[in-house]
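An overview of the molecular structure
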Amino acid sequence: MMSDEALARRFEDLRPRLRAVAHRMLGSAGEADDAVQEAWLRLNRTDPGELDNLGAWLTTVVGRICLDMLRARANRREDPLPVAEPPAAGVDPEQEAMLADSVGLALLVVLETLSPTERLAFVLHDMFAVSFDDIAVVVGRSPAAARQLASRARRRVQTGGGTASEGDVQRRREIVGAFLKASRDGDLGGLLTLLDPDVVMRADETAARMGGHGETRGAEVIAAFFNGRATGARLADFSGLPGALVAPPGRPRLALLFTVVGGRITAIEAVAEPEDLGELEMTLL
């Protein structure tokens, strides 16, 4: 049985990692400290003897706290917090500067474009190597769905979170619009010209049950799948990513998110999980 003093020392050893997780999630040093403090309070209400891995448990607890804070922020429609803040009282300025450098202001700006669950999955998995099994517990989804969230977030980060020039954004929309038209018209050749040869399509569990597979690769296979199918899809924008929305009649049922690189579609993500659809910021075009 770990003594209270030993538990406190162990928590202090883990504090820098926990604060780094919270800072990347929230973009605010002050809120990160609040999240870590809340994790300490929850730890004090838990029997440490029941925890096989204290570090993993605290990381997921901080992730869950941050997820709740991000959702509350979204519900209040708050403006994103500034990514550069003066150090709070009692915080070592040099340590604060090192933390800001390690996070990267540009990355924090991109993370602000992600939904709360996308942000959590990406930060925990890609930055802190938390398993999708553990992330799934935090977000209340399956491990496969958690993997999808991280994959979607990763593509947003790789494309700059929609920070491309207006000309580039418009060009991507035109390519997706042409793809939808070719799909509706049954123009297999047109579909093939718009798809990268190594294009990959991923569908979440709900979308896969509608038809198709969880993951499909190759332009010919994906073109054949879409040939003549997109009759009810409308061109849309999803936080800077061009896409399509199927909503009969007016109720979102399926979202298709497209990644366009070099004038061709390199990835398509089919999103139909109700929770994910509810978090997507979409604009019909």
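In case you missed it, the structure is sitting above this.
Residues numbered from 1 in each chain as written. Predicted model: local features only at pLDDT ≥ 70, side-chain atom pairs only at ≥ 80, totals over all residues. Heavy atoms only, no water.

1. Quick notes on the packing of helix H1 (residues 4–26) against helix H2 (residues 29–44)
Quick reminder of the rule: For every element, the axis is a line fit to its C-alpha atoms; helices are fit only across the contacting stretch, and the angle between N-to-C directions ranges from 0 to 180 degrees. In DSSP terms, a helix is any run of H or I states spanning at least four residues, a strand is any run of E spanning at least two, and both are numbered starting from the N terminus. Note on terminology: angles under 35 degrees are roughly parallel, angles over 145 are roughly antiparallel, angles of 65 to 115 are roughly perpendicular, and the others are oblique. Each crossing gets its hand from how the near helix is turned against the far one by less than a right angle, where anticlockwise is left-handed and clockwise is right-handed. The contact rule is simple, with two residues in contact once any of their heavy atoms fall within 4.5 Å. Lys, Arg, Asp and Glu make up the charged group, whereas Ala, Val, Leu, Ile, Met, Phe, Trp, Tyr, Cys and Pro make up the nonpolar group; the residues left over, Gly among them, are polar.
Packing of H1 against H2 leaves a shortest axis separation of 8 Å and a crossing angle of 140°. Between H1 and H2, the interaxial angle falls into the category oblique. Here H1 and H2 pass one another in a crossing that is right-handed. Contacts from Leu 7, Ala 8, Phe 11, Arg 15, Leu 18, Arg 19, Ala 22, His 23 and Leu 26 in H1 reach Ala 29, Glu 31, Ala 32, Asp 33, Ala 35, Val 36, Ala 39, Trp 40 and Leu 43 in H2. Its residues assigned to classes, the contact of H1 with H2 comprises 13 nonpolar, 1 polar and 4 charged.

2. Some points on the layout of surface pockets
Here is the rule: Cavities and pockets were defined on a 1 Å grid built over protein atoms only: a cavity is a set of grid points that admits a 1.4 Å probe from which the probe cannot escape, a pocket is an open set flanked by protein on both sides within 12 Å along at least five of seven lines, and lining residues are those with an atom within 4 Å of any such point. Grid points are joined across faces, edges and corners, and a volume is the space filled by probe spheres set on the points.
Approximately 450 Å³ is the volume attributed to the second largest pocket. Lining the second largest pocket are 22 residues, with Gly 211, Phe 225, Phe 226, Arg 229 and Leu 254 sitting closest to its centre. Broken down by secondary-structure element, the contributors of at least two residues to the lining of the second largest pocket are strand S1 (195–203), helix H12 (219–226) and strand S5 (254–261). Looking at which element gives the most residues to the lining of the second largest pocket, the answer is H12, with 4 residues. Residues that form the lining of the second largest pocket fall into these classes: 14 nonpolar, 6 polar and 2 charged.

3. Quick word on the packing of aromatic side chains
Note the following rule: Here a pair means two rings of Phe, Tyr or Trp (six-membered ring of Trp) with centres within 6.5 Å. Their orientation is stacked below 30 degrees between planes, edge-to-face above 60, and tilted elsewhere. Here's how the labels work: a residue is buried when its accessible area is under 20% of the maximum for its type, exposed when over 50%, partly exposed in between, all with a 1.4 Å probe on protein chains only. Whether a charge lies above a ring is judged from NZ of Lys or CZ of Arg, which has to be within 6 Å of the ring centre and within 35 degrees of the ring normal.
Taken as a whole, this structure holds 4 aromatic pairs when the rule is applied. Taken together, a centroid distance of 5.3 Å and an interplanar angle of 85° make the contact between Phe 225 and Phe 226 edge-to-face. According to the relative accessible area criterion, Phe 226 is buried, its value standing at 5%. Here a set of aromatic residues connected by ring pairs shows up, and it is made of Phe 179, Phe 225, Phe 226 and Phe 258. Positioned over the ring face of Phe 225 is Arg 229, at 4.1 Å from the centre of the ring.

4. A few points about the pattern of salt bridges
Using the following cut-off: Whenever Lys or Arg places a side-chain nitrogen within 4 Å of a carboxyl oxygen from Asp or Glu, that contact is recorded as a salt bridge.
Enumeration over the complete set of coordinates arrives at 11 salt bridges. The closest approach of N and O atoms between Asp 33 and Arg 19, which form a salt bridge, is 2.5 Å. Residue Asp 33 is located in helix H2, and its partner Arg 19 is located in helix H1; the two are separated by 14 residues in the primary sequence. Exposure remark for Arg 19: the relative accessible area of 14% places this residue in the buried category. Three or more residues are tied together by salt bridges with common partners; here these are Glu 38, Arg 42 and Arg 45.

5. Remarks on the environment of Ala 208
Along the chain, Ala 208 falls in helix H11 (residues 205–209). For Ala 208 and Ala 270, which are 62 residues apart along the polypeptide, the C-alpha to C-alpha distance reads 8.3 Å.

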